[in-house]
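Overview (structure and organization)
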Amino acid sequence: MSLDQLTNEAPAYNFAYLDEQTKRMIRRAILKGIAVPGYQVPFAAREMPMPYGWGTGGVQVTASVLGESDILKVIDQGADDTTNAVSIRNFFAKTANVELTTHTSEATVIQTRHRIPEEELQEHQTLVYQVPIPEPLRFLEPRETETRKMHALSEYGLIHVKLYEDIATHGHIATTYAYPVMVEGRYVMDPSPTPKFDNPKMHKSKALQLFGAGREKRIYALPPHTDVVSLDFEDHPFTIQEWPDTQCAMCGAEGVYFDEVILDDAGNNMFVCSDSDYCETRQSEGHLGPLNADYKERMQ
Amino acid sequence: MQQKILSVQNLTKSFVMHLQNGLQLPVMDGAGFEVFAGECVVLGGPSGAGKSTLLKMIYGNYAADAGEIIITHGDQHTDLVTASPREILRLRQSTIGYVSQFLSAIPRVSALDLVAQVARQWGHSEEVAQEKAAKMLGQLNIPEHLWGLPPATFSGGEQQRVNIARGFMGEHKLLLLDEPTASLDAANRQVVLSLIEERKANGTAMLGIFHDADTRDKVADRVIDVTKFAVQRAA
Amino acid sequence: MSLDQDLPLLSVKNLSHFYGQHLGCKDVNFDLYPGEVLAIVGESGSGKTTLLNCLSTQIIPTDGAVYYRGRKGQSDNLYEMSEAQQRILLRTDWGFVRQHPRDGLRMNVSAGANVGERLMALGDRHYGKIRDTALDWLEKVEIQVDRIDDAPRTFSGGMQQRLQIARNLVTNPRLVFMDEPTGGLDVSVQARLLDLIRRLVAELGLSIIIVTHDLAVARLLSDRIMVMKDGKVIEQGLTDQVLDDPHQAYTQLLVSSILHVGS
């Protein structure tokens, strides 16, 4: 072995970085989470080679469910090309050598921060969420002993207090992300900082959904076809964000979750799909938005 | 023969002053008397003889050491000496009234409502209660412009008269009168005397303390000298 | 109606609690009837707060039983209930007004939400109705209705206590525990609060167990009084009888110290 090889070869990691005992421990937590949908299972989160807040929980869950034949997609805010997504994808490329993709339909495991892909997920897919604060009651009740008890006894009046406060302050439920849901009529769950736009996609999803919170050391899960109901009031029902009369500037899509992009100092803006794969796929299929370079060409 | 409403027998009372090295202060021994419906009995004797202590025991305000205080209500008889707090409270609502110039608490309620409240407790409709209260306050010369105000803002004399009004508003079978006329002017004293006469005619049994000899002579059917119940104290 | 026809709401049998070797309260027995107000008085360390915490299932006592008669007429030992049942009682059939508003209120959510919380816990899901009920209760406890969206931390001490009362009474509880509810308030503010409590007790027929070291509060509010010393009940009875004709040395001392301050 040459000196060059010795100094530059990556050290020999176990498949997907974590040792097998740790993966077993995490898988047991995942199984328990699947058995009790919406229940936060404590697990012994490991130190990961990235800072808290960068998806250490999601990465550990992904590492534990990933097999050699899996195809991995990683998104952050819906995009495959943001820093966090690229770093995590590279991490698994290096430590697990699995096939990578940006196409939702091709992936078997998708790790996400914030979004659920626009394209409907299927039975063979697993969606792994990175969760910063798993406890939906935390903001109103700081005592972990008390929130645990409230979950155990299904005492969820408090979560409506938060929604009440929203309406009292803003005239409507102003919570737009981490919007609390009731899982199978039993546990109230925080769907991580996902926009409420995506809440309906969780309901009875065909894919397995796993949630990992690294700093807080909690795992929870939604098995396929689980009831996930967004909480609301009779006279203030749950609604998702809408962008009336708006289409994606790049692919012309309507009724999707948009990112607003400011174009200049005059405040001109455009809206584009937050799901980058969805947008690119549409463009490649010939759908074009008004600001797409090919659009003018076609118009001429 | 009128019905016996109150029967006191062998009543004994002493105070033990623990803060003064357990000093025993026997005040009453073997008190016994009866009061019948439709009569006003006045407790006589010099001050310190135990009139007030006796009246307070019959209201349940002081606890007797031994003996009996039998109260007749309807066809039942209850011994106040052994009755539970709950029974005493019920008797105070249903049977034993206490007319005094002093009320321990004055809520933020108008004088009219305060008096009408009592009438309501006795089952009168809101309308009738207000009517009766207005009549009573008028009789006791409380100026009409004060009726809507809480008595806390009244002069001492006016407050006393509101309390007397409340005392007479009830329809208790036994009324204990704790110097209701003291410090009243002649006109108001006369009103109280006529209220007592009215109740007597209704068959109410009354037991009272009146220091003023003139008033006592006017209202008393009988005077019981409590000095005969008093424990002879060593000089 | 004869006296034995109505049954006690709460029946306390030989209740004792020890903190390790240290005595909290010992051999407490009493019945509380519907609509009765019972004051527990004594100085700090007399065991009155321990007793209150046992009665309200905040502490499970070392020994003894407390039978509570539910709305359906059944009488159950509180300490044989599941924790879930105990907690349901605490937020529906019971109330607990704490000395410090911060222990009984959510200081950072609006007054309206503080009052509405119990309703939401019971499954009310109509914002408009919850808010109307909250407005109604704010009025009942003499808080200006335009303060409904303000957080209690912006309220005066007296208002905070009145809000606590509204928050507790919104589910029409039958039994309310109060721990020094007027402690720390100015005298005039105290008077107003006591007045309000008296009115609500009369209107709603509430049963109340109130712990206080203030005999004036006990006299104003309670029908019955229990005097505690060194963990034991040393004297109990009709409030005015115990205060006007106290028999135990300690009660006489308590009463006389009040009189000296008063005169």
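Residues numbered from 1 in each chain as written. Chains lettered and ligands numbered in written order. Predicted model: local features only at pLDDT ≥ 70, side-chain atom pairs only at ≥ 80, totals over all residues. Heavy atoms only, no water.

Re the overall build of chain A
To be explicit about the condition: Put simply, DSSP H or I for four residues or longer makes a helix, DSSP E for two residues or longer makes a strand, and each gets a number counted from the N terminus. Remark: exposure states derive from per-residue accessible area (1.4 Å probe, protein chains only) relative to the maximum for the residue type, with buried under 20%, exposed over 50%, and partly exposed in between. Contacts between residues were defined by any pair of non-hydrogen atoms, one from each residue, lying within 4.5 Å. Per-residue accessibility takes into account occlusion by the displayed protein chains alone, with areas from the Shrake-Rupley method and a 1.4 Å probe. We score Asp and Glu as negative and Lys and Arg as positive, and we do not count His or the chain ends. Lysine's charge is taken at NZ, arginine's at CZ, aspartate's at CG and glutamate's at CD.
Of the regular secondary structure elements, chain A holds nine helices and 12 strands. For the C-alpha atoms alone, the extent of chain A along its principal axes is close to 65 × 65 × 35 Å. Out of the 300 residues belonging to chain A, those deemed buried represent 52%. In chain A, 61% of the contacts between residues at least 6 apart in sequence involve partners at least 24 apart. Roughly 14100 Å² of accessible area belongs to chain A as shown, and the carbon and sulfur atoms make up 51% of that amount. Across chain A, the mean location of the 27 positive side-chain charges is 9 Å away from that of the 44 negative side-chain charges.

A look at the interface of chain A and chain C
Note the threshold: Note on terms: buried area is the combined drop in 1.4 Å-probe accessible area of two parts once they are placed together, counting the loss on both. Definition used for salt bridges: Asp or Glu carboxyl oxygen within 4 Å of a side-chain nitrogen of Lys or Arg. Each polar contact in these results corresponds to two N or O atoms within 3.5 Å; when the atoms are within protein, one needs to be able to donate a hydrogen and the other to accept it, and residues that are neighboring in sequence are counted only if both atoms are side-chain atoms. Three classes are used, and their members are as follows: Ala, Val, Leu, Ile, Met, Phe, Trp, Tyr, Cys and Pro are nonpolar, Asp, Glu, Lys and Arg are charged, and the others, Gly among them, are polar.
Counting from both sides, the interface comprises 20 residues of chain A and, opposite them, 21 residues of chain C. Note on chain A versus chain C: buried area summed over both sides is about 1900 Å², and carbon and sulfur give 59% of it. At the boundary of chain A and chain C, one finds five salt bridges. Here Arg106(C) makes a salt bridge to Glu141(A), at a shortest N to O gap of 3.7 Å. Viewed at the interface, chain C and chain A are joined by 13 residue pairs in polar contact (both at pLDDT 80 or more). Classifying every residue of the side of chain A that touches chain C gives nine nonpolar, three polar and eight charged.

Some details on unusual backbone geometry
Here the phi dihedral of Ala16(A) falls at roughly 65 degrees; this positive angle occurs in a residue that is not glycine. Relative to the helices and strands, Ala16(A) is located in the loop between α1 (3-8) and α2 (20-35). Positive phi values are uncommon outside glycine, yet Asp27(C) reaches one of about 50 degrees. One can find Asp27(C) in strand β2 (residues 22-32).

Digging into the interface of chain C and chain B
Contact residues are listed per partner, giving 25 residues for chain C and 20 residues for chain B. Summed over both sides, the interface of chain C with chain B buries roughly 2000 Å², with 52% coming from carbon and sulfur. There are four salt bridges connecting chain C and chain B. A salt bridge links Arg90(B) to Asp6(C), with the nearest nitrogen and oxygen atoms 2.7 Å apart. Among the secondary structure elements, those contributing two or more residues to the side of chain C that touches chain B are α7 (187-204), β10 (232-238), α9 (239-244) and α10 (249-262) of chain C. Residue classes in the side of chain C that touches chain B are distributed as seven nonpolar, seven polar and 11 charged.

Remarks on the side chain of Gln241(A)
Residue and element names in this part refer to chain A. Position of Gln-241 relative to the elements: it lies in the loop between β10 (228-230) and β11 (258-262). Polar side-chain contacts of Gln-241 include one of 2.9 Å to the backbone nitrogen of Phe-197. When neighbours within four sequence positions are excluded, Gln-241 is seen to be in contact with Thr-176, Pro-195, Lys-196, Phe-197 and Tyr-257.

Describing the layout of surface pockets
Stated formally: Only protein atoms enter the 1 Å grid, on which a cavity is a set of points fitting a 1.4 Å probe that cannot get out and a pocket is an open set with protein on both sides within 12 Å along at least 5 of 7 lines, lining residues being those with an atom within 4 Å of a point. Grid points are joined across faces, edges and corners, and a volume is the space filled by probe spheres set on the points.
In this structure, the second largest pocket spans a volume of roughly 1200 Å³. What lines the second largest pocket is a set of 37 residues, and nearest its centre among them are Glu141(A), Arg143(A), Glu146(A), Arg106(C) and Arg167(C). Residue assignment for the lining of the second largest pocket shows that the elements contributing at least two residues are α5 (144-152) and α6 (157-170) of chain A together with α2 (83-91), β6 (94-97), α3 (101-104), α4 (111-121) and α6 (157-169) of chain C. Here the lining of the second largest pocket takes five residues from α2(C), the largest share from any one element. Among the residues forming the lining of the second largest pocket, the class breakdown is 12 nonpolar, nine polar and 16 charged.

What to know about the domain arrangement of chain A
Residue and element names in this part refer to chain A. Selection criterion: Start and end points for every domain follow an automatic or database-based domain assignment.
Under the domain assignment, chain A is made up of domain 1 (20-230) and domain 2 (258-299). For domain 1 versus domain 2, the separation of C-alpha centres amounts to 29 Å. Taken together, the contacts link 12 residues of domain 1 with seven residues of domain 2. Both faces considered, domain 1 and domain 2 share a buried interface measuring about 670 Å² in area, 33% of it formed by carbon and sulfur atoms. Per-residue buried area on domain 1 facing domain 2 is highest for Gly-78, Arg-115 and Glu-118; these three make up 43% of the total on that side.

Let's talk about the domain arrangement of chain B
Residue and element names in this part refer to chain B. Domain boundaries assigned for chain B yield domain 1 (1-95 + 173-183 + 203-235) and domain 2 (101-171). One C-alpha centre belongs to domain 1, the other to domain 2, and the line joining them spans 26 Å. Between domain 1 and domain 2, the residue contacts involve 10 residues of the former and seven residues of the latter. Across the domain 1/domain 2 interface, buried area totals approximately 510 Å², and carbon plus sulfur atoms make up 47% of it. If you sort the residues of domain 1 by the area they bury against domain 2, Leu-175, Pro-180 and Ser-183 come out on top, with a joint share of 49%. Counting the contacts that link domain 1 with domain 2 gives zero salt bridges. On inspection of domain 1 and its partner domain 2, the count reaches one residue pair in polar contact (both at pLDDT 80 or more). Of the residues belonging to the side of domain 1 that touches domain 2, the class tally is four nonpolar, four polar and two charged.

As for the packing of helix α5 (residues 156-169) of chain B against helix α6 (residues 186-201) of chain B
Geometry of a packed helix pair, given as the angle between the helix axes and the separation of the axes. Residues and elements named next belong to chain B. Basically, it comes down to this: All axes here are fitted lines through C-alpha atoms, helices being fitted over the stretch that makes contact, and every angle between N-to-C directions spans 0 to 180 degrees. In what follows, roughly perpendicular refers to angles from 65 to 115 degrees, roughly parallel to angles under 35, roughly antiparallel to angles over 145, and oblique to any angle outside these ranges.
Following both chains from N to C, one finds α5 and α6 inclined at 5 degrees, their axes separated by 12 Å at the closest point. Between α5 and α6, the angle is such that the two are roughly parallel. Here α5 contributes Arg-161, Ile-164 and Phe-168 to the contact with α6, which in turn contributes Asn-188, Val-192, Leu-195, Ile-196 and Arg-199. Residues of the contact of α5 with α6, tallied by class, amount to five nonpolar, one polar and two charged.

Overview of the sheet that holds strand β5 (residues 126-130) of chain A
All names here are of chain A. Selection criterion: Here, strands pair whenever DSSP counts at least two bridges between them.
Pairing within the open sheet is mixed, and its seven strands lie in the order β1-β9-β8-β5-β4-β2-β3. Both outer strands of the open sheet, β1 (41-42) and β3 (99-100), are each paired with one neighbouring strand and no more. As paired strands, strand β4 (residues 109-113) and β5 are joined by four bridges and run parallel to one another. In the sheet register, Thr-112 faces β5, and the bridge partner there is Tyr-129. Contacts between α2 and the sheet are confined to β1, β8 (208-213) and β9 (218-222), with β9 contributing the most and set at about 45 degrees to the helix. On the sheet, helix α4 (residues 83-95) packs against β2 (71-76), β3, β4 and β5 and is oriented at approximately 155 degrees with respect to β2.

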